[in-house]
Amino acid sequence: MDDLATAPQGPTRRDVLKSVGAAFVLPFAISISPRSAEAAAPVQIGAFIRIDETNTVTLSIGSSEMGQGIMTGLAQLVAEQLQINWSQMRAEHAVGGAGAGNPYANPLFHAQITGGSTSMMGWYTPMRTAAATVRDMLIAGAARQTNTTGWRLGTAGTVTNGTLTLTFADVAATAASITGLPAPVLATTTKFVGQRMQRLDIPAKVNGSAIYGMDVQVPGMVFASVVHCPTLGGTVAATPAKPNRAGVLGVVNLDTAVAVIANNTWTAIKAARDLEGTITWLRPSDTTRMDSATLAATAQSLLTSDSATAFVAEAVGTPTMAGAVKTLDQTYRLPFLAHACMEVMNCTASVTADRCEIWAPTQGQEFIIPAAAAACGLTNDKVILHTTYLGGGFGRKIEVDYVVQAVRCSRQLGVPVKLIWSREQDFQNDKFRPSALIRVQAGLDASNNVTSVIYRNVSPSIKLQRGPSSVTNPEDTGAVAGAKGLPYSFTARRIEHVALPTDIPLGYWRSVGESYNTFAVESAMDELAKLANINPLTFRRDRLADPRAKAVLTAVETLSSWKNTPPTGYQRGVAFLKGFGSYIAMVAEVGKTTAGTIKVAKIYVAVDCGVVINPDQVEAQMQGGIAHGLAAAMWHQATFVAGVPQVRNFSNYPYLKLQSMPTVSIKLVASAAAPGGVGETSVPVVAPAVANAWAKLTNTRLRSLPFYPGTTMGGL
Amino acid sequence: MPTYTLNVNGVNRTVDVPDAGMPLLWVLRDFLGFTGAKYGCGIEVCGACTVIVDNQREHSCKVDVSSVVGKKIVTVEGLSGDVDGAKAQAAWIANQVPQCGFCQPGMLTATTAAMKAGHHGKEIAPEVKHICVCGTYPRINKAMTGL
């Protein structure tokens, strides 16, 4: 999801690439907390670490905790450098920032966003460096405070000189003023790193005390819910009258929506629903670019058009099917998708003449702050952004739409406003994962080498839609992620993206480009293996040179007993991905239900994500990504009729249930490489692994997702 | 404005509610400050709003507040005071179940209600048809086997 960085005001992909490997400068405007005059006040040392009188160490993070466990992972890095006890460790979201000098910006992006499975990639070295610097400051602080020498780190949050031992809390205030230390030496012990540390956020998440955006309570706040035009892109023609319902306080015209203000959430949602059908909207005059059937026809014509303006993302040699011994020419089809975060879009804002305070479940602090400031006519520094826990993000909560709505309501009303979308509004006003229609042409020579690949992906471009648009440079690296730079030994290749013109609002969906390209690539690889009459796992491995890529295939071969005959009535399919800085190979073991539909019994996954910080959390992301990817593969599609989104609730966008979850077996392949991402890695390989198994089982090749479109929950 | 006395997590609480038809979910969240139960779908599909009423699981987004007067309401915030609820919470922690955690109050209350109905171990899962978009299902299934 590196393409995330092309969202408005974000750095470009090139900036991101430039920054990788750049020296990290510790953001040390040394600050002591305002209450430090009191003897027992917590002491802030640098931007990230605070030590209180009980010797608890609290880490402030810029990444958003949306379930991926980043709070815990980063805390493990800190605990390792400080050699404290895990019970002393806490973590929290830092107050958000934006622009230059924000210490909480992901060092990969120089922007405070959480996406692209990059949090651990970005912070692995900077966070350890920051913690080791604090460690050295604490040691130096002890020396200064006692006017003695020979201090070193002790255990359980202490420093010692052999005769005297002081707690971090004892020396924190002095330590915070230490400057001019040499670059720290990073501890390489593994007391925490690589261990199955319990997540810091789980106790609050099982006792109901965890605060999500929806749970924020601010004194004096009122409640709002919204109704958008049923046709995407419509605007309010005339502000409607306040609905006649007890508890309704007023309405706010938000241009693209009307907010109903009430003295509780339920009344706001009900009253917003009352307004549906009564508001006069200015609807877009032409909705053909927001109509599934029309878009499908346009995509089909662009798939084969010679005159289509294609972005050639990769060109190696001159691919041609002319001299091939065997050829493949198949088309793969993927739908638009919704995010369906369990927690609907919501935000609480309190705007006064000179200040805008926001509480939001957000992945996009970098974008929210300038957007909110602009909505209030304030400068960025007047926006105070509190990040809550996120009830799912998946890329949806990097957007600013719902935040700006809350800010505008509060500004207009002069009181704090908690704004919550109904589930129906959430589904209908998503930023949808682009559809994709992908043609793969490939040729094999007499030795079954893949000599030529011509790949054309026709899909709406997120980047073009949100600009800056440039027809002379229509590069959309996200649209070809998972197709460009494949590690397979294709002799000649041309990878093209043709932007499908659409006005459907587009967004980043967990695993972005890989979420569609990997289905085409890994389905096609299986079809080529069949043409070559070679075992599909071996076929892949023999066309990979990278030892890490080969190793995950070998690991999943062993884990899944690939070489052994599957149980009667079942077959296995494999898929592979190098992406998000990691390598993954997945095997699906698939049979039939009594109704004859797909039954996914077992999933085996081998992943090399570099240095593992917390094996339990890598496994959690594998499990979760499989559930997410499998539900999408089986059932999910967002369709549109003349600009009107057809999905309204979970009733026609089903998810797995406890009993339909396949058994998952995971092998973490040991690696000393720098950490890769795990939040998205497992999602893209699920659909092709299942389709490949199904093809083996039934001799029927499924090239279109979802496998069971519509409202029924076929299969599993 | 009707006034109701509700027994939530063992304590009687009197609340003025603007509408007798208001669902329990919003009374708990907006008027009593129990934000553990979540709004997820509003149509009894996702299960995030589940609470326990007289030992039965209920979708609080569809239960009128007026219908639960005099009944014992337990939310996720009250599970630690319940033998079965505390066991479920401990199993969730031992198995490191939650990711984003938003659906877990519903999962935990429904699990506790299933236990009270005499279901144990693998019998619990069929009773809990909730949605977890993060996909914590393998760990929930594992946590349930010990209950």
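Provided above is the structure to which this section pertains.
The structure contained in this document is the topic of the report that follows. (Residues numbered from 1 in each chain as written. Chains lettered and ligands numbered in written order. Predicted model: local features only at pLDDT ≥ 70, side-chain atom pairs only at ≥ 80, totals over all residues. Heavy atoms only, no water.)

1. So, the pattern of salt bridges
Close approach of charged atoms allows side chains with opposite charge to pair.
Residue and element names in this part refer to chain A.
Alright, step 1. Under the criterion given, the structure shown has 35 salt bridges over all chains.
Alright, step 2. Residues Lys382 and Asp381 are paired through a salt bridge, measuring 4.0 Å at the closest nitrogen-oxygen approach.
Alright, step 3. Owing to a relative accessible area of 59%, Asp381 belongs among the exposed residues under this scheme.
Alright, step 4. Measuring nitrogen to oxygen at the nearest pair gives 2.8 Å for the salt bridge that ties Arg540 to Asp526. With Arg540 in helix H14 (residues 536-541) and Asp526 in helix H13 (residues 514-532), this residue pair connects regions lying 14 residues apart in the sequence.
Alright, step 5. The exposure class of Arg540 is buried, given its relative accessible area of 0%.
Alright, step 6. Shared partners join several salt bridges into a network, and the residues in it are Glu65, Arg199, Asp201 and Lys205. (Salt bridge = Lys/Arg side-chain N within 4 Å of Asp/Glu carboxyl O. Buried < 20%, exposed > 50% of the residue type's maximum accessible area, 1.4 Å probe, protein only. Helix = DSSP H or I, 4+ residues; strand = E, 2+ residues; numbered from the N terminus.)

2. Some points on the interface of chain B and chain A
Note on interface size: it is often stated as the accessible area lost on association of the parts.
Alright, step 1. On the chain A side, the residues contacting the 50 residues of chain B number 55 residues.
Alright, step 2. Among the residues of chain B in contact with chain A, Gln96(B), Gln99(B) and Val133(B) are the three that bury the most area, contributing 16% of the side total.
Alright, step 3. Between the two partners, chain B and chain A, sit three salt bridges.
Alright, step 4. Our count for the contact surface shared by chain B and chain A stands at 22 residue pairs in polar contact (both at pLDDT 80 or more).
Alright, step 5. Contributions of two or more residues to the side of chain B that touches chain A are made by helix H1 (24-31), helix H2 (83-94), helix H3 (104-116) and helix H4 (137-145) of chain B.
Alright, step 6. When residues in the side of chain B that touches chain A are grouped by element, the largest group, six residues, is from H4(B). (Contact = heavy atoms within 4.5 Å. Buried area = accessible area lost by both parts, 1.4 Å probe. Polar contact = N/O pair within 3.5 Å; in protein donor to acceptor, adjacent residues only side chain to side chain.)

3. Observations concerning the packing of aromatic side chains
Residue and element names in this part refer to chain A.
Alright, step 1. Counting across every chain of the model gives 15 aromatic pairs over all chains.
Alright, step 2. Ring centres of Phe650 and Tyr655 lie 5.9 Å apart, and the angle between their planes is 75°; on these two criteria the pair is classed as edge-to-face. Each of the two residues, Phe650 as well as Tyr655, counts as buried.
Alright, step 3. Chaining the aromatic ring pairs together yields one cluster made of Phe427, Phe650, Tyr653 and Tyr655.
Alright, step 4. Directly above the ring of Tyr124 sits Arg128, whose terminal nitrogen or CZ lies 3.8 Å from the centroid.
Alright, step 5. Above the plane of the ring of Phe539 lies Arg543, whose end atom (NZ or CZ) is 3.9 Å from the centre. (Phe/Tyr/Trp six-rings, centres within 6.5 Å; stacked < 30°, edge-to-face > 60°. Lys NZ or Arg CZ within 6 Å of the ring centre and 35° of its normal.)

4. Overview of the nonpolar core
Alright, step 1. Within the largest apolar cluster, 272 residues are counted, with the highest numbers of intra-cluster contacts made by Ile358(A), Leu6(B) and Trp92(B).
Alright, step 2. In terms of residue count, the dominant contributor to this core is helix H3 (residues 119-146) of chain A (twelve residues).
Alright, step 3. Apart from residues lying up to four places away in sequence, Ile358(A) is in contact with Cys347(A), Thr348(A), Ala349(A), Ile368(A), Ala372(A), Val383(A), Ile384(A), Leu385(A), His386(A), Val403(A) and Val407(A).
Alright, step 4. Counting twelve residues, the second-largest nonpolar core is a separate cluster that includes Val248(A), Val251(A), Val258(A) and Ala271(A). (Core = buried A, V, L, I, M, F, W, Y, C linked by side-chain atoms within 4.5 Å.)

5. Overview of the pairing of strand E3 (residues 57-61) of chain A
All names here are of chain A.
Alright, step 1. Within E3, five of the five residues are buried, leaving the element largely enclosed by the surrounding structure.
Alright, step 2. Neither face of E3 is left uncovered, since the one carrying Val57, Leu59 and Ile61 and the one carrying Thr58 and Ser60 both have all their residues buried.
Alright, step 3. Bridge count between strand E2 (residues 49-51) and E3: three bridges; the pairing is antiparallel. In the strand pairing of E3, Arg50 is matched with Thr58.
Alright, step 4. In this region the chain leaves E3, passes through helix H2 (residues 70-82) and returns to the parallel neighbour strand E4 (residues 89-93); the handedness of that crossover is right-handed. (Pairing = 2+ DSSP bridges. Right-handed = clockwise from strand over helix to strand, strands pointing away.)

6. Details of the environment of Arg139(B)
Alright, step 1. Secondary-structure assignment places Arg139(B) in helix H4.
Alright, step 2. Considered as a pair, Arg139(B) and Asn95(B) are 44 residues apart in the sequence and their alpha carbons are 6.1 Å apart.

7. Section: unusual backbone geometry
Residue and element names in this part refer to chain A.
Alright, step 1. In this model, Leu705 is joined to Pro706 through a cis peptide bond whose omega is -5°.
Alright, step 2. For Pro706, the location among the structural elements is in the segment after helix H17 (683-698).
Alright, step 3. Within the chain, Asn699 stands out as a residue other than glycine whose phi angle is a positive 65°.
Alright, step 4. When you line up the elements, Asn699 lands in the segment after H17.
Alright, step 5. Overall, Asn699 belongs to the exposed group, its relative accessible area being 58%.

By themselves, these are just geometric observations and shouldn't be taken as functional.
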